[in-house]
Amino acid sequence: GCKEMLLRWTGNKDYYQGPMPGVTKAFETISTAKVSKSADEAKELLYLRPGDDIVMNSDRLLAAAKAKALELAVDYQPPEPSELVLPGPTAEVAFGMAVDDFQRSGKATEHDVVVSKALAHVLAGGATDITESLSEDDILALEREAFITLVQTPATLDRIEHMLDTGKPLRN
């Protein structure tokens, strides 16, 4: 998810250019767990791409998905891997400061801070330099590292268990 959000926001020609605006928008969207209330809003948040189909009738969803998959399978060629230029530790510090402010104002819990700072590390590109580019695999490696670290914490496990049991997020 993080890699895809980075690619969509940093590659969005309608949005500001440069490494920081797209990374900031991805961080804001993911860290605040924005949920779309409609297909149009999902497109605005870049959860859906401009060309993605929207099926309003849930009874037709599976048939439409199958038809789309069969259509896409004809002459399929995998996309060329992308390279990302990310801001590195400077952005990570800036995001961390913003998260700390949210916690001080009561809008973020202690574990929200832990998760958001792990997210900031991934989206900023880790220890990269703004003059270097990272591959999609580099970003996925950062995501895996953050996930493995977070899933070893009791608070993260509590969040996962609560979501599976209730379908609702836990604010711990």
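Throughout what follows, the structure given in this document is the object of discussion. Nothing here was measured: the structure is a model prediction, and the numbers come from that model.

### Re the overall build of the protein
Tallying secondary structure elements over the protein gives 8 helices and 2 strands in all. Ordered by position in the sequence, the α and β elements of the protein form the string α-α-α-α-β-α-α-β-α-α. Within the protein, buried positions represent 29% of all 172 residues. Residue pairs at least 24 apart in sequence account for 64% of intrachain contacts in the protein once pairs closer than 6 positions are excluded. Within the structure as shown, the protein displays about 11,300 Å² of accessible surface, and the carbon and sulfur contribution to it stands at 59%.

### Details of the nonpolar core
Core analysis: the biggest nonpolar cluster contains 26 residues, and Leu6, Phe27, Leu86, Leu123 and Ile139 have the highest contact counts within it. Mapped by element, the contributors of at least two residues to this core are helix H1 (2–10), helix H2 (19–31), helix H5 (89–104), helix H6 (110–124) and helix H7 (136–151). Ranked by the residues each element gives to this core, the list is headed by H6, at 7 residues.

### Examining the packing of aromatic side chains
Aromatic ring pairs: the centre-centre distance and the angle between the two ring planes describe each pair. Considering all chains together, one arrives at 1 aromatic pair under this definition. Relative to Phe95, the ring of Phe27 lies with its centre 4.3 Å away and its plane at 10°, an arrangement referred to as stacked. Of the two residues, Phe27 sits in helix H2 while Phe95 sits in helix H5, which places them 68 residues apart along the sequence. Just as Phe27 is buried, Phe95 falls in that class too.

### A look at the environment of Thr10
Within the secondary structure layout, Thr10 lies in helix H1. Given the relative accessible area of 23%, Thr10 is considered partly exposed. Taking the C-alpha atoms as reference, Thr10 lies 4.4 Å from Gly22; in sequence the two are 12 residues apart. With residues near it in sequence (within four places) discarded, Thr10 still touches Gly22, Val23 and Leu84.

### Concerning helix H4 (residues 61–73)
Taking 1.5 Å as the rise per residue, H4 with 13 residues should run 18 Å; its terminal C-alpha atoms sit 18 Å apart, in good agreement. Directly beyond the C-terminal end of H4, a positive phi value near 55° is found at Asp75.

### Some points on unusual backbone geometry
The phi dihedral of Leu46 falls on the positive side, at around 65°, and the residue is not glycine. The residue Leu46 is located in the loop between helix H3 (39–44) and H4 in this model. Relative accessible area serves as the criterion here: at 11%, Leu46 is assigned to the buried category. The phi dihedral of Asp75 is positive, around 55°, even though this residue is not glycine. In this fold, Asp75 is placed in the loop between H4 and strand S1 (83–84). By relative accessible area, Asp75 is classed as exposed at 71%.

Conventions adopted
Residues numbered from 1 in each chain as written. Predicted model: local features only at pLDDT ≥ 70, side-chain atom pairs only at ≥ 80, totals over all residues. Heavy atoms only, no water. Helix = DSSP H or I, 4+ residues; strand = E, 2+ residues; numbered from the N terminus. Buried < 20%, exposed > 50% of the residue type's maximum accessible area, 1.4 Å probe, protein only. Contact = heavy atoms within 4.5 Å. Areas by Shrake-Rupley, 256 points an atom, 1.4 Å probe, with all protein chains shown as cover. Core = buried A, V, L, I, M, F, W, Y, C linked by side-chain atoms within 4.5 Å. Phe/Tyr/Trp six-rings, centres within 6.5 Å; stacked < 30°, edge-to-face > 60°. Expected span 1.5 Å × (residues − 1).

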